[in-house]
Amino acid sequence: MSEIRRRDPRREWIARNRLHPEHASVLAALDGIEGGGATSEWLGPSGVIRKNPRAVGFIGPSGIKRIDRSGLQSGSQPTVSAMAVSGDSRRAVNIAEPAFLVAVVPDLIGGRLSAHDKDMLGLARRLADVDVGRPGAVVAILFCEHKEEALGEVGIDKVLHFNEAIYAGFAPEVRLAALTTVERELAPRYWLFPDSPLGGADLGRRLALRLNERPATGVWQIEADNEALLGWRCTARGAAGSLDIQRPLPRFVLALAECAEPVDETRHAAERLSIAGVTPTTLSRIEDLGQVAVDPAGVALAEAEFILSGGNGVKNWDAFHHAAKVLGATEGASRVAVDDGFMTRDRQVGATGTWVTARVYLAVGISGAIQHLQGIQRCDKVVAINLDPGCDMIKRADLAVIGDSAEILAALVGMVEQRRGGQRDAA
Amino acid sequence: MQPEQQGLEVAVLVSVGRHPITGRARRAEQDARGVELALTLASELPGTRINVLHAGQQDINSEVALRGYLGMGLNSLTLLEQPEGSDAIAALAAYLTKALPPLVLTGTRAECGEGSGLLPYALAERLGWPLVNGLAAVETIENGVVTLLQALPRGQRRRLKVRLPAIVSVDEAGPVARQSAFGPARRAKFIVTSAIHEPDRELTQWHLAPARKRPKRLKIVKAASARDRFKAAASKAGGKSGQVLSDVTPEQGAVAILKLLEEEDVLR
Amino acid sequence: MLETLLPILIFSALALAALGASRRVRLWRQGRPSSVPILKGLAAMPRRYLVDLHHVVGRDKVMSNTHVATAGGFVAAAVLMILVHGLGLGSSESMGPILGGLLLAASAAMFVGSRFVARRRRNPPARLSRGPWMRLPRSLMAFSGGVFLATLPTLGLLPDDFGSGVLALMLAAVVVWGLGEMVFGMTWGGPMKHAFAGALHLAFHRRPERFSSKQGGRRSTGLKALDLDDETAPLGVGTPSDFTWNQLLGFDACVQCGRCEAVCPAFAAGQPLNPKKLIQDMVVGLSGGSDASYTGSPHPGKPVGEHYGTPYGPIVGLAGQALVDAETLWSCTTCRACVEECPMMIEHVDAIVDMRRHLTLERGQTPNKGAGVLDNLIATDNPGGFDPGSRLHWAADLNLPLMADVKQAEVLLWLGDGAFDMRNQRTLRALVKVLRVAEVEFAVLGTEERDSGDVARRLGDEATFQRLARRNIATLSKYRFQRIVTCDPHSFHVLGNEYGELAEPGIPAQYEVRHHSTFIAELYDAGRLAFAPWKGGRVTYHDPCYLGRYNGEYEAPRRVLKALGIELKEMERSGFRSRCCGGGGGAPITDIPGERRIPDMRMNDVKESGAGLVAVGCPQCTAMLEGVVDASAEVRDIAELVADALVEPPSVNATGSPREPVVKATAEEVL
Ligand SMILES: Cc1cc2nc3c(=O)[nH]c(=O)nc-3n(C[C@H](O)[C@H](O)[C@H](O)COP(=O)(O)OP(=O)(O)OC[C@H]3O[C@@H](n4cnc5c(N)ncnc54)[C@H](O)[C@@H]3O)c2cc1C
Ligand code: SF4
Ligand code: SF4
């Protein structure tokens, strides 16, 4: 990325001048350019990101400003409600002259920092802040558009944003080229990647081996260690998670989720960087033809993330299928539902059906026979809708609603449809 | 599928797996899926030759595991023999440079040893071949280009075109490996060649121990109000039995479910 | 004229039959060798026929008498006919009248028998085959009537010149028909083939130990081991010729009576298996051809006429159809109801498992969850893939003595894989309580125990079975105990009947194994247990296949229930006719779809008996019956019922003499 963006000094000036009559519209326009970013930050005249701390957060019930870091509410908050006093207790940190750099390449799944990404940034901070007198800076390297507004709040000192279209989709080769340039230009002391299958795990390994370094993978803990070359020792999972490997921390680290606490006590500058010398090549041996449409209802049960499963307690199957469609859930069934011919055999969950690993398993009118429960052992969250508060499914469920399945499903569908409708109106 | 002219050669790299509970040697889950993909390919593209490769030593354990792959319906396996603790990458790279199979399938991570998942990347780097991970299915192979589906979360797929020769790695999204049968496994032959022996010195210096249970992260509640703090404290800690809503209207129930679905971020 | 014609007819029929017989024998000999004592077998044949076969046939009195009259009449008539008409002894002064008179009597008896056969054929039940079988009564009558009439002139009961008219020609034609069906057809195929093949089948049966001896009835239900050390021996049966020759002979003996079909739970559930058709498929396979000429009920959902095979061709098609479909083989629960009912003593289960072995060991095609279960057994020694170290977790508070600590005990309590199942853990707890109250000195293997290998073997994975069995045998050989007690009939059967074959020099594998119901009955008889009277409702008892038909234990569970003060409401199908719960043979794992579920049908039997509680003695049955939705009856293991009823045993018996087994029920009462 040779040039970040052409600057318009006048607009930037207006953006900084809150009293200027065009202030709001310019902010909105900048907003658009910055890829959905909020008006809480913009590019300063020196090419450095400027932040408007007042633009983040919202006013809490007690009149105190709150910053919601879950990213849930901020989207719906009016961003320029920023007149109030900043009640932010977090320490602002600006590392002007970093002693070294820690490069982090977050996954930015769906344009957002995942929990895993935030843990990585927490880990990066630990590495950067080892010597209070001579702190290092955390450089986040972001690919493509993203929706994060408060990059400084997760511990990022500097941001390198590669936003060209060629980086979109599955583009490991061009991304790798960009990262090798970063290595050449900035020579970070550490490179950190989330060890997540479809993100950092891939890119991190590519980069490490391109640079002929042996990374530590599956890292879940680091400890200071004076004997180690870089002053740290790490514990990494090996052999498919059955082994702990302790070794000196190398330059390249691929870490697991929860490898460190995410940053929440400091606010960092998240200053925009640009580097020269990145010449994106379109010459690639891998061509991304785009995502293939897969109907969520038809996704293989074993792979499904959200399953709506029906049993003997489902009386209206049309409504059930409709609900699955509206919720975007994959359909599952108890054996009774399959035996009775309401569902096909490949939809059966349980001992003699499929063992599922869904994040959310919504069991409608299923009693929770042991053979069925076996199949959902590895589900994260189980929600049950059932008439019988004493049945075993309720005991297994994280959330159970006692009542008639048809009515509750109908209410749920109504709400989701409403929510969708509302969103569409807003868009 | 268009048959390639002389039939395609597919090399599948396999390792000795380890059962997660008992630690017994077995065929490695991902590698077996790789073999499965190759076998499916061979049945669709007549003339496909499958060369299953393993770098390591031959002993009772590895024999059990390797025969596990052979029982899927293979006649032989090429064993690049090297003593324990050797670096498999060098041996495999040397072999592949000579054999030059257009398509190499591998698992993503081994179940034994470091299991760092570096091998496919190291090979790709040494051979200078493109690499794709998360293979779900091979669609076509035409004119030296393979079209394949890569697995994305939630059962979604992405179509990729990759120029051969290439290395493609397989993980849990690959097709489930077929059963390994005793008869074919017993009959199949090992073709043994000795390979370079480069000990992995670094690994020997590390401290290896059975995995400890990772401490559960404490949910640090920094709630805005006393009410939130109270709610957080009162809500269940993970693992215990869940929340049961009885005597609620369907709407109230639906709200609770909707909230959970949103928290888990499964509604799209 | 008849006098000259009859010998010619008789001897040409016999000659043709001999030719047919040698052809038939050649067909059987396509099978693999199997060493059976030929002469001893032939010598034992009459007894096997008269005692064992008629024991089975005799369950249907009318049919039994019919068969005695028809078959007995035929055998006698045939022999006498050869003497009288063939060798011309009828005209001898001294012998003629006696032999002729006997021949008349024999053919008359046969004629009466054939009338009964005809009556049965008037409205034949669905289990009977039609086609050529429909003409059989007429053929029988032709033979017996023809011979009868042809003998009359010999005895001078009709004028001698009767034998030279048009009438005589007609009579000769009838005799030809009779001879054709009865003699020629016997070896060339046709309904009477069963007599020839059946007789030899009885003589050369693969399980001679099945037949009773003078000492009484015996039982042979264990599967036979494959020789895995011989790398050239086929792994199971892939083509008809992979069966042993006497198995092929056995298939040929089938009379298509359909008794097996009538009792088969898989058939009743609409799964694609009809044991009778399966045997006929094998007959088709052994001579080559299609099943189009089969005239009985098909495998449910599989039309007749689409399958074909050859002696050396695959039984299950590699792609597409062949002789039978794999689903047919995987539908079987190995309940042995068919074997128990088969008057020809055909071994369906052996054949099915043989063919499954090929599918699993050679093709790796164990359907559904089968492959996963086998992988679990290999990797974790239990079908569920549980941590083998957690086998005793359920009993953490029970302080069970471990064999590894005590080295010897009176009773080794075999837990089975139910130890991993929450439902069965309740049964195990109950059993432990009972043993403790009765002050039985027992110990468990704990984590040293492995799956018995039952499921692996019945899924066809002989290799995994033998590996598990050998390791269990090695473990057991380390300790001293008098008997093994288990609440799992499958382990019971395998330990007691199938390990023996795997013994190695110095490591015997013969154990005295008891089902917990047997053991509890013994404890009760010995006065070591006392029960509070039963206050519950009506109770019925479900005989587990592997306890009942496999091991003949029908009585002990009933004795225990009686001792509890329970008056049983027997189900219509109980005892040796008990209907399977659907849980055996890995059937719940391969889970071949049908129209109904076997356990649902069984629960319906329970309901019809009017009982509100069904007592069981098998973890598999418990799981299957409890899995029935909207069941009308509660399912409890006998051990649980006993544990609930325990009261202080009568304080140490003054005389110390055991209680009289007053409640002993006889087998007759039970069945
Ligand atoms: C060997 C074996 C293997 C098996 N394998 C499997 C398997 O793989 N998968 C499987 O699912 N089962 C399996 N089963 C069957 C299992 O035991 C149960 O029979 C089955 O799971 C029950 O299905 P169900 O919960 O839908 O039906 P039921 O047990 O009838 O439960 C229906 C539930 O719906 C509730 N209900 C009724 N009406 C309403 C309403 N209007 N609104 C809300 N709730 C309502 C009822 O309270 C009840 O809890 C197996 C059984 C055996 C023996
Ligand atoms: S063993 Fe039972 S299920 Fe199998 S064929 Fe015989 S009767 Fe049918
Ligand atoms: S196999 Fe036996 S029971 Fe079945 S039809 Fe034939 S003879 Fe009768």
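Everything quoted here is computed from the prediction, not taken from an experiment.

## Some words on the overall build of chain A
So, step 1. Within chain A, the secondary structure is distributed over 10 helices and 21 strands.
So, step 2. When contacts within chain A are restricted to residue pairs at least 6 apart in sequence, those whose partners lie at least 24 apart make up 57%.
So, step 3. Working note: accessible area of chain A is about 18,400 Å², and carbon and sulfur atoms make up 52% of it.

## So, helix H1 (residues 2–28) of chain C
Residues and elements named next belong to chain C.
So, step 1. Helix length check: H1 (27 residues) gives 38 Å between terminal C-alpha atoms against 39 Å at 1.5 Å per residue, within 8%.
So, step 2. Of the positions making up H1, those classed as buried are Leu2, Leu6, Pro7, Leu9, Ile10, Ala13, Ala17, Gly20, Ala21, Arg24, Leu27 and Trp28.
So, step 3. Elements in contact with the buried residues of H1: helix H3 (61–86), helix H5 (132–154), helix H6 (166–188), helix H7 (193–203), helix H8 (245–252) and helix H11 (275–287).

## Quick word on the interface of chain B and chain A
How big an interface is tends to be expressed through the accessible area that disappears when the partners come together.
So, step 1. Of the residues lining the interface, 77 residues belong to chain B; the matching set on chain A comes to 76 residues.
So, step 2. For the pair chain B and chain A, the summed buried area comes to about 7,000 Å², and 56% of that belongs to carbon and sulfur atoms.
So, step 3. Looking only at chain B, the three residues that lose the most surface to chain A are B:Arg214, B:Arg217 and B:Ile257, adding up to 11% of its buried area.
So, step 4. Across the chain B-chain A interface, the total number found is 7 salt bridges.
So, step 5. Between A:Arg419 and B:Glu262 there is a salt bridge whose closest N-O contact spans 2.4 Å.
So, step 6. Scanning the region where chain B abuts chain A turns up 27 residue pairs in polar contact (both at pLDDT 80 or more).
So, step 7. In terms of residue count, the dominant contributor to the side of chain B that touches chain A is helix H8 (residues 250–264) of chain B (12 residues).
So, step 8. By residue class, the composition of the side of chain B that touches chain A is 38 nonpolar, 15 polar and 24 charged.
So, step 9. Across 3 bridges, the pairing between strand S21 (residues 399–402) of chain A and strand S14 (residues 243–245) of chain B is parallel. The residue bridging A:Ala400 from the neighbouring strand is B:Val244, located in S14(B).

## Some words on the environment of C:His85
All names here are of chain C.
So, step 1. Assignment of secondary structure puts His85 in helix H3.
So, step 2. Sequence-wise, His85 and Val647 are 562 residues apart; in three dimensions their C-alpha atoms are separated by 78 Å.
So, step 3. Excluding its chain neighbours within four sequence positions, the residues that come into contact with His85 are Leu6, Pro7, Ile10, Leu80, Leu103, Val147, Ala150, Thr151 and Thr154.
So, step 4. A distance of 3.1 Å separates a polar atom in the side chain of His85 from a polar atom in the side chain of Thr151.

## Quick notes on the confidence of the model for chain B
So, step 1. Taken residue by residue, chain B gives an average pLDDT of 85. The fraction at 70 or more is 88%.
So, step 2. In the predicted complex, the global pTM is 0.86; the interface-specific ipTM is 0.88.

## What to know about the sheet that holds strand S10 (residues 157–163) of chain B
So, step 1. An order of S16(A)-S10(B)-S9(B)-S8(B) is seen for the 4 strands of this open sheet, with the pairing classed as antiparallel. The two strands at the open ends of the sheet, each matched to only one other strand, are strand S16 (286–292) of chain A together with strand S8 (135–142) of chain B. Direction aside, the axes of adjacent strands within the sheet are offset by 20° on average.

## Examining the sheet that holds strand S3 (residues 408–414) of chain C
Residue and element names in this part refer to chain C.
So, step 1. Pairing within the open sheet is parallel, and its 4 strands lie in the order S4-S3-S5-S6. Each edge of the open sheet is held by one strand with a lone partner, namely strand S4 (442–444) and strand S6 (513–515). Adjacent strand axes in the sheet meet at a mean angle of 35° when their direction is disregarded.
So, step 2. With 3 bridges joining them, strand S5 (residues 480–486) and S6 adopt parallel strand pairing. Paired with Ile484 across the strands is Val513, a residue of S6.

## With respect to the interface of chain C and chain B
So, step 1. The interface is formed by 25 residues belonging to chain C together with 12 residues belonging to chain B.
So, step 2. Of the roughly 1,300 Å² buried where chain C meets chain B, counting both sides, 49% is carbon and sulfur surface.
So, step 3. One salt bridge connects B:Arg24 with C:Asp381, and the closest N-O pair in it is separated by 2.7 Å.
So, step 4. Where chain C touches chain B, the interface holds 10 residue pairs in polar contact (both at pLDDT 80 or more).
So, step 5. Contributions of two or more residues to the side of chain C that touches chain B are made by helix H14 (348–362), helix H15 (370–380) and helix H19 (462–476) of chain C.
So, step 6. Take the side of chain C that touches chain B: its biggest share by element is 6 residues, from H15(C).
So, step 7. Of the residues belonging to the side of chain C that touches chain B, the class tally is 11 nonpolar, 6 polar and 8 charged.

## Quick notes on the site of ligand 2
So, step 1. Near ligand 2, the surroundings consist of C:Cys264, C:Pro265, C:Leu273, C:Pro275, C:Cys332, C:Thr333, C:Thr334, C:Cys335, C:Arg336, C:Ala337, C:Cys338 and C:Val349.
So, step 2. Considering only residue class, the shell around ligand 2 consists of 9 nonpolar, 2 polar and 1 charged.

## Topic: the site of ligand 3
So, step 1. Taken together, 13 residues form the shell around ligand 3, and within it C:Cys254, C:Cys257, C:Gly258, C:Cys260 and C:Cys342 come nearest.
So, step 2. Here the residues of the shell around ligand 3 are counted per class, giving 9 nonpolar, 3 polar and 1 charged.

## Some points on the environment of C:Pro208
So, step 1. Tracing the backbone through its elements, the reader meets C:Pro208 in the loop between H7 and H8.
So, step 2. It is 24 Å that separates the C-alpha atoms of C:Pro208 and C:Thr333, two residues lying 125 residues apart in sequence.

## Comments concerning the nonpolar core
Residues and elements named next belong to chain C.
So, step 1. Membership of the largest hydrophobic core comes to 90 residues, with the highest contact counts inside it found for Phe143, Leu179, Phe243, Phe251, Met282, Ile315 and Met355.
So, step 2. The leading source of residues in this core is H1, at 9 residues.
So, step 3. Each residue touching Leu179, except ones within four places of it in the same chain, is listed here: Leu9, Ile10, Ala13, Met81, Phe143 and Phe184.
So, step 4. The next biggest cluster of nonpolar side chains, apart from the first, holds 67 residues, and it includes Leu412, Ile473, Tyr511 and Ala645.

## What to know about the packing of helix H3 (residues 88–99) of chain B against helix H4 (residues 119–127) of chain B
Residue and element names in this part refer to chain B.
So, step 1. One way to put it is that H3 packs onto H4 with a least axis distance of 10 Å and a crossing angle of 45°. By the angle between their directions, the pair H3 and H4 is classed as oblique. H3 and H4 meet at a crossing whose hand is right-handed. Where H3 abuts H4, its residues Ala88, Ile89, Ala90, Leu92, Ala93, Leu96 and Thr97 lie against Leu119, Ala122, Leu123, Arg126 and Leu127.
So, step 2. For the contact of H3 with H4, a count of residues per class yields 10 nonpolar, 1 polar and 1 charged.

## Quick notes on the pairing of strand S6 (residues 101–104) of chain A
Residues and elements named next belong to chain A.
So, step 1. Judged by which residues are buried, S6 turns out to be covered on both faces: Leu101 and Ala103 on one side and Val102 and Val104 on the other are all buried.
So, step 2. Across 4 bridges, the pairing between S6 and strand S7 (residues 137–143) is parallel. Paired with Leu101 across the two strands is Ala137, which belongs to S7.
So, step 3. In this view, the connection linking S6 to its parallel neighbour S7 by way of helix H3 (residues 115–128) has right-handed handedness.
So, step 4. As defined by bridge partners, S6 adjoins strand S9 (residues 190–194) across 3 bridges and the pair is classed as parallel.

## Thoughts on a negative patch on the surface
All names here are of chain C.
So, step 1. Together, Asp227, Asp229, Asp230 and Glu231 give the surface a local cluster of negative charge.
So, step 2. Along the chain, Glu231 turns up in the loop between H7 and H8.
So, step 3. Since its relative accessible area comes to 54%, Glu231 is described here as exposed.

## Here we look at the pairing of strand S8 (residues 158–162) of chain A
Residue and element names in this part refer to chain A.
So, step 1. Most of S8 is tucked away: 5 of the 5 residues are buried.
So, step 2. Residues Lys158, Leu160 and Phe162 line one face of S8 and the alternating positions Val159 and His161 line the opposite face, and both faces are buried.
So, step 3. Inspection of the sheet shows S8 paired to strand S15 (residues 271–273) by 3 bridges, in the parallel sense. Within S15, the residue paired with Val159 across the bridge is Arg272.

## Considerations on the pattern of salt bridges
All names here are of chain A.
So, step 1. If you walk through the whole model with that rule in mind, you get 82 salt bridges over all chains.
So, step 2. Across the salt bridge formed by Arg251 and Glu183, the nearest N and O atoms sit 2.8 Å from each other. Separated by 68 residues along the polypeptide, Arg251 in the loop between strand S12 (243–248) and strand S13 (252–255) and Glu183 in helix H4 (residues 172–186) bring together distant segments of the chain. Here the two residues Arg251 and Glu183 agree in accessibility, since each one is buried.

So, how was this worked out
Numbers given for residues are sequential positions, taken from 1 along each chain in its written order. The order in which chains are written sets their letters, starting at A; the order in which ligands are written sets their numbers, starting at 1. Predicted model: local features are reported for residues with pLDDT of at least 70 only, side-chain atom pairs are reported and counted for 80 or more only, and whole-chain, interface and lining totals are derived from all residues. As a rule here, side-chain values come from all non-hydrogen atoms in the structure, and water together with hydrogens is ignored. Secondary structure elements follow DSSP: runs of H or I of four or more residues count as helices, runs of E of two or more count as strands, with numbering from the N terminus. Two residues qualify as a contact provided that any one of their heavy atoms is within 4.5 Å of a heavy atom in the partner residue. Note that accessible areas follow from Shrake-Rupley with a 1.4 Å probe, and for residues the cover is restricted to the protein chains shown. One fewer than the residue count of a helix, multiplied by 1.5 Å, yields its expected span. Each residue is assigned to one of three classes by its accessible area relative to the maximum for its type, calculated with a 1.4 Å probe on protein chains only: buried under 20%, partly exposed between the two thresholds, exposed over 50%. Here's the idea: put two parts together, see how much 1.4 Å probe accessible area each one loses, and the total over both is what we call buried area. A pair is scored as a salt bridge if a Lys or Arg side-chain nitrogen falls within 4 Å of a carboxyl oxygen belonging to Asp or Glu. Two N or O atoms form a polar contact when they lie within 3.5 Å of each other; inside protein one atom must be a possible hydrogen donor and the other a possible acceptor, and for residues adjacent in sequence the pair counts only when both atoms belong to side chains. Side-chain classes are defined by residue name, with Ala, Val, Leu, Ile, Met, Phe, Trp, Tyr, Cys and Pro counting as nonpolar, Asp, Glu, Lys and Arg as charged, and the others, Gly among them, as polar. If DSSP finds at least two bridges between two strands, the strands pair. Each residue carries a pLDDT score, the predictor's own confidence in it, on a scale running from 0 to 100. Between N-to-C directions, angles cover 0 to 180 degrees, with each direction set by a line fitted to C-alpha atoms, over the stretch in contact for helices. Proximity is defined per residue: any heavy atom of the residue falling within 4 Å of a molecule or strand makes that residue near it. Here, the term nonpolar core denotes a set of buried Ala, Val, Leu, Ile, Met, Phe, Trp, Tyr and Cys residues that are joined through side-chain atoms within 4.5 Å. We call two directions roughly parallel when the angle between them is under 35 degrees, roughly antiparallel when it is over 145, roughly perpendicular when it lies between 65 and 115, and oblique otherwise. Less than a right angle of anticlockwise turn of the near helix away from the far helix marks a crossing as left-handed, whereas a clockwise turn marks it as right-handed. We call a crossover right-handed when, viewed with both strands directed away from the observer, the connection leading from the first strand over the helix to the second proceeds clockwise. Two joining distances apply to patches: 9 Å for like charges and 5 Å for nonpolar side chains (Val, Leu, Ile, Met, Phe, Trp, Tyr), and every residue must have over 30% relative accessible area and no salt bridge. When charges are counted, neither His nor the chain ends are considered; positive counts come from Lys and Arg and negative counts from Asp and Glu. To locate a charge, the coordinates of NZ of Lys, CZ of Arg, CG of Asp or CD of Glu are taken.

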